[in-house]
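Structural description and commentary
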Amino acid sequence: MGIMFRGVNPINLDAKGRLAVPARYRDMIAEHCNGQMVATIDTEARCLLLYPLPEWEVIQAKIEALPSFNKAARRIQRLLIGHATDLELDANGRLLLPSSLREYAGLDKKLILLGQGRKFEIWSESHWNETRDEYLDETDSAELPAEMLDLSL
């Protein structure tokens, strides 16, 4: 089994735009991808997606294979690949997020690093709290995929 990120991790962004990856993930990241990460925007929410480089390369290849004459596919290619930025975990376990990505996601001092299996999402803490509360208030399960309806938690 590959890399697995879980949990809601409150973290801080420093004045230079760096976030400290929680210690429990650092060894896993170093071992899996030598600290090489890729951040891009989420096209459905004002947050960032953070992938280990090997995971991103698989996704990028799939995005590049989409038909460029399809308007929706071209939109995804431009947004996801166009905003993709290589990041490297420094000796102190920090990642420097470029200002363009920070601005897109409205990131300020307080962040949430949300584990999503093979990737993280990076949210401003206030926006994550609002979004999470909206999700919790939603009661309509009509849009759930059929596979989810059989899942027992």
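Residues numbered from 1 in each chain as written. Predicted model: local features only at pLDDT ≥ 70, side-chain atom pairs only at ≥ 80, totals over all residues. Heavy atoms only, no water.

The protein chain appears in an unreviewed UniProt entry as Transcriptional regulator MraZ from Nitrincola nitratireducens. Annotation of the protein chain in UniProt includes, under Subcellular location (unreviewed entry), the sentence "Cytoplasm, Nucleoid". Note on the protein chain: under the UniProt heading Sequence similarities (unreviewed entry), the record states "Belongs to the MraZ family." (UniProt positions renumbered as here; feature names shortened; annotations may be inferred.)

**Here's the deal with the nonpolar core**
Formed by 26 residues in total, the largest nonpolar core has its most connected members in Leu19, Ile29, Leu48, Leu50 and Ile122. Not counting the four nearest positions on each side in its chain, Leu48 is found in contact with Thr40, Ile41, Asp42, Leu97, Leu101, Tyr104, Ala105, Leu107, Phe120, Glu121 and Ile122. Within the second largest apolar cluster, six residues are counted, among which are Val38, Trp56, Ile63 and Leu80. (Core = buried A, V, L, I, M, F, W, Y, C linked by side-chain atoms within 4.5 Å. Buried < 20%, exposed > 50% of the residue type's maximum accessible area, 1.4 Å probe, protein only. Contact = heavy atoms within 4.5 Å.)

**With respect to the pattern of salt bridges**
Evaluation of the coordinates by the stated rule reveals four salt bridges. A salt bridge links Asp14 to Arg18; the shortest N-O distance between them is 2.7 Å. By relative accessible area, which is 26% here, Asp14 ends up partly exposed. One salt bridge connects Asp90 with Arg94, and the closest N-O pair in it is separated by 2.9 Å. Using a relative accessible area of 29% as the deciding quantity, one classes Asp90 as partly exposed. On the basis of relative accessibility, which here comes to 22%, the residue Arg94 falls in the partly exposed class. (Salt bridge = Lys/Arg side-chain N within 4 Å of Asp/Glu carboxyl O.)

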